Amino acid sequence: QLGAARLLLLAPGRLRCGVSGRLLAEAPVRVPGCDDAVCTVAFERASLERWHRRSKGRCPVTGQLLDMRMAIDASPMLEEVVAYLYQSMMV
């Protein structure tokens, strides 16, 4: 079994918030245009909103102006996070 810290450090990037780097835990969203990124990027809504305020409304991936109303729900990613944690604990 992996220790909790190691488990979190080894989590795939797609399961981490694109701003904070933490494992997605609540209200994950994607933003338009990020699907074109090499790796699909998701964000916890609260982290993205903080970034949005601090960056004067810019997207953390594209640098373009971002309308937060365009954020797309990505809650199915939470199931991927749970599956990753479950599988990792079974190793």
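Here's a quick rundown of the structure. (Residues numbered from 1 in each chain as written. Predicted model: local features only at pLDDT ≥ 70, side-chain atom pairs only at ≥ 80, totals over all residues. Heavy atoms only, no water.)

**Remarks on unusual backbone geometry**
One non-glycine residue with positive phi stands out, namely Ala27, at about 50°. One non-glycine residue with positive phi stands out, namely Lys56, at about 60°. Structurally, the position occupied by Lys56 is in the loop between helix H2 (45-54) and strand E3 (72-73). Residue classification places Lys56 among the exposed residues on the basis of a relative accessible area of 74%. (Helix = DSSP H or I, 4+ residues; strand = E, 2+ residues; numbered from the N terminus. Buried < 20%, exposed > 50% of the residue type's maximum accessible area, 1.4 Å probe, protein only.)

**Describing the nonpolar core**
Leu15, Leu24, Val31, Phe43, Leu48, Leu66 and Met77 are the most contacted members of the largest nonpolar core, which has 20 residues in total. The leading source of residues in this core is helix H3 (residues 76-90), at 3 residues. Ignoring anything within four residues of it in the chain, the contact list for Met77 reads Arg14, Leu15, Leu24, Arg30 and Ala42. (Core = buried A, V, L, I, M, F, W, Y, C linked by side-chain atoms within 4.5 Å. Contact = heavy atoms within 4.5 Å.)

**So, the sheet that holds strand E1 (residues 28-30)**
The sheet built from 3 strands is open, its strands ordered E2-E1-E3 with antiparallel pairing. Each edge of the sheet is formed by a strand with only one pairing partner; in this case those strands are strand E2 (43-44) and E3. Two strands pair when backbone bridges link them, and E1 and E2 are joined in this way by 2 bridges, in the antiparallel orientation. Of the residues in E2, the one forming a bridge with Pro28 is Glu44. (Pairing = 2+ DSSP bridges.)

Any link to function would need more than the numbers given here.
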